Amino acid sequence: MYSDTELLKIITNNDPEEDEALFARARSVREAHYGADVYFRGLIEFTNYCKNDCYYCGIRRSNRKVERYRLTETQILECCRLGESLGYKTFVLQGGEDPWWNDERVCALIKMIRAEFPEHAITLSIGEKTAESYERYFNAGANRYLLRHETANEEHYALLHPAEMSGAARKQCLRVLKKTGFQTGAGFMVGTPGQKPEHLLEDLRFIEELKPEMVGIGPFIPQSDTPFANEPAGSLEQTLRMVALTRLLLPEALIPATTALGSLSNEGRERALRAGANVVMPNLSPVNVRKLYALYDGKICTGDEAAECRFCMERRIRRFGFVPAMVRGDHIAAAQ
Ligand code: SAH
């Protein structure tokens, strides 16, 4: 539908009027499929231990400055109960790649949540695992899995990660997740060091080919205790253009207005909703650990109770003419 030349022109556009026209087109495609509804997901950041060493990420293993935490099963279930009372129908369990959370423990946790909340969607975001592990999580009752590919260009991927990680392995995990039966979320950061417009084009082509049910897109934001501490953040407009293009290429995708966008700019998330996004992920984690899940500097909502985040988000959404939808919000194809 779009040629490479056309896409590159849009990716690098700096005419605000053309941006507005693009966002309006993306908005109408989103409206045709999901109306004005914005799906809420309750995010539980349950561990910041990580065995990986991604150069951009504040919870990388080499960061000795971050205080590590790991919620207990009881605490996680408490978060789910609080989430349910606030109306959430999806729980997202995200964390670093924490070896303590081995497959037995992860599966036991999923089963506990599944037993208490039979109708809720359970989303995992715990990194790269074997096909066997993914299958075990799925069989234990998890429904969705978020694993951003970060950048589709493998040389660029190698600039952002240590040698033991590879873009090829990451993409392979995504294919396995889809095959396992998960509603699968890919995604990428905009404005990471060394990123070129051609890399963003590759991200779009990868998304087009993989057809993930969800696509998470956020700006890179430097974190002061990482090798990229002094690199500039990604641009708000370019991130919004990538959200809009993703909506045009995958009309039915579930696309979050990410916390990183809200952290980069006060109305970043609202603007993403106006550029085709249709999901928000307010935080359900206990307030005392919020600051420790410090992927990047200046992360918003680190001092707010879960209920405040829930209602603050609702107010923000309504102000922009969208409708908060406290439903499971499965992907259209998966809901049938
Ligand atoms: N361990 C899980 C979760 C990673 S954290 C996994 O591997 O999938 C979730 C996302 O935060 C990452 O996929 C990455 O895209 C994003 N992230 C990490 N550091 C960031 C930074 N400095 N700026 C913006 N986004 C960042």
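Just above, that's the structure.
Keep in mind the model is a prediction, meaning the values are calculated, not measured.

What follows is about the overall build of the chain. Broken down by element type, the chain carries 14 helices and nine strands. Its C-alpha radius of gyration of 18 Å places the chain within 12% of the 20 Å reference for a compact globule of 336 residues. Principal-axis analysis of the C-alpha atoms places the extent of the chain at approximately 50 × 45 × 40 Å. When burial is assessed residue by residue, the chain has 59% of its 336 residues classed as buried. Pairs at least 24 residues apart make up 76% of the contacts formed inside the chain by residues separated by at least 6 positions. Carbon and sulfur atoms make up 51% of the accessible area of the chain, which amounts to about 13,400 Å² in all. Counting 43 positive and 46 negative side-chain charges, the chain places the centres of these two groups 3 Å from one another.

Moving on, we come to the sheet that holds strand β4 (residues 121-125). An order of β2-β3-β4-β5-β6-β7 is seen for the six strands of this open sheet, with the pairing classed as parallel. Either end of the sheet is taken by a strand with one partner, and the two such strands are β2 (42-47) and β7 (214-219). Averaged over all neighbouring strand pairs, the angle between strand axes comes to 20 degrees, with direction disregarded. The pairing of strand β5 (residues 144-146) with strand β6 (residues 183-190) spans three bridges and is parallel. The partner of Leu146 across the bridge, within β6, is Gly185. Helix-sheet contacts for helix α9 (residues 236-249) involve β6 and β7, and the interaxial angle to β7 is about 170 degrees.

Within the element layout of this structure, Lys171 appears in helix α7 (residues 167-180). Residues contacting Lys171, with those up to four places away along its chain left out, are Ala152, Glu154 and Phe206.

Moving on, we get to the site of the ligand. In the vicinity of the ligand lie 18 residues, with Tyr56, Gly95, Arg148, Glu150 and Ile221 positioned nearest. One of the side-chain N or O atoms of Arg170 is found 3.2 Å from an oxygen atom in the ligand. For the ligand, a nitrogen atom lies 2.7 Å from a polar atom in the backbone of Ile221. Expressed as a share of its isolated accessible area of 560 Å², the protein-covered part of the ligand is 92%. Residues of the shell around the ligand, tallied by class, amount to 10 nonpolar, five polar and three charged.

Every α-helix winds through 3.6 residues per turn, so residues three or four apart in the chain are directed the same way. In a regular helix each residue adds 1.5 Å, so 14 residues correspond to 20 Å; α7 covers 20 Å between its end C-alpha atoms and thus fits that length. Within α7, the full set of buried residues consists of Gly167, Arg170, Lys171, Cys173, Leu174, Val176, Leu177 and Thr180. Buried residues along α7 sit against α5 (131-140), β5, α6 (154-160), β6 and α8 (197-210). Where α7 terminates, the next one or two residues include Gly181, which has phi positive at roughly 115 degrees.

To continue, consider the pattern of salt bridges. Summed over all chains, the structure comprises 26 salt bridges. The partner of Glu237 in a salt bridge is Arg271, and the shortest N-O contact between them spans 3.9 Å. A residue pair is termed long-range when its members are at least 10 positions apart, and Glu237 in helix α9 and Arg271 in helix α11 (residues 268-274) qualify at 34 residues. Connected through shared salt-bridge partners, Asp53, Arg60, Arg61 and Glu164 make up one network.

Our next topic: the sheet that holds strand β1 (residues 37-40). Strand order in the open sheet formed by three strands is β8-β1-β9, with parallel pairing between adjacent strands. The open sheet terminates on both sides in strands that have one partner only, identified here as β8 (279-280) and β9 (323-325). With two bridges connecting them, β1 and β8 associate as parallel partners. Note on β8: the bridge partner recorded for Tyr39 is Val279. The strands touched by helix α13 (residues 306-319) within the sheet are β1, β8 and β9, with β1 carrying the most contacts at an inclination of about 165 degrees.

Further remarks concern helix α4 (residues 103-116). Here α4 contains 14 residues, and its C-alpha end-to-end distance of 20 Å stays within 8% of the 20 Å for a straight helix at 1.5 Å per residue. Of all the positions in α4, only Asp103, Val106, Cys107, Leu109, Ile110, Ile113 and Arg114 are classed as buried. One face of α4 carries all of its buried residues, which in axial projection span an arc of 160 degrees. Among the exposed residues of α4, those pointing more than 90 degrees away from its buried face are Lys111 and Ala115. Packed against the buried residues of α4 are α3 (73-85), β3 (90-95), β4 and α5.

Thresholds applied
- Residues numbered from 1 in each chain as written.
- Predicted model: local features only at pLDDT ≥ 70, side-chain atom pairs only at ≥ 80, totals over all residues.
- Heavy atoms only, no water.
- Helix = DSSP H or I, 4+ residues; strand = E, 2+ residues; numbered from the N terminus.
- Rg over C-alpha atoms; globule rule 2.2 N^0.38 Å.
- Buried < 20%, exposed > 50% of the residue type's maximum accessible area, 1.4 Å probe, protein only.
- Contact = heavy atoms within 4.5 Å.
- Areas by Shrake-Rupley, 256 points an atom, 1.4 Å probe, with all protein chains shown as cover.
- Lys, Arg positive; Asp, Glu negative; His and termini not counted.
- Charge placed at Lys NZ, Arg CZ, Asp CG, Glu CD.
- Pairing = 2+ DSSP bridges.
- Axes fitted to C-alpha atoms, helices over the stretch in contact; angles between N-to-C directions.
- Near = heavy atom within 4 Å.
- Polar contact = N/O pair within 3.5 Å; in protein donor to acceptor, adjacent residues only side chain to side chain.
- Nonpolar A, V, L, I, M, F, W, Y, C, P; charged D, E, K, R; others polar.
- Expected span 1.5 Å × (residues − 1).
- Salt bridge = Lys/Arg side-chain N within 4 Å of Asp/Glu carboxyl O.
- Arc of directions from axis to C-beta.

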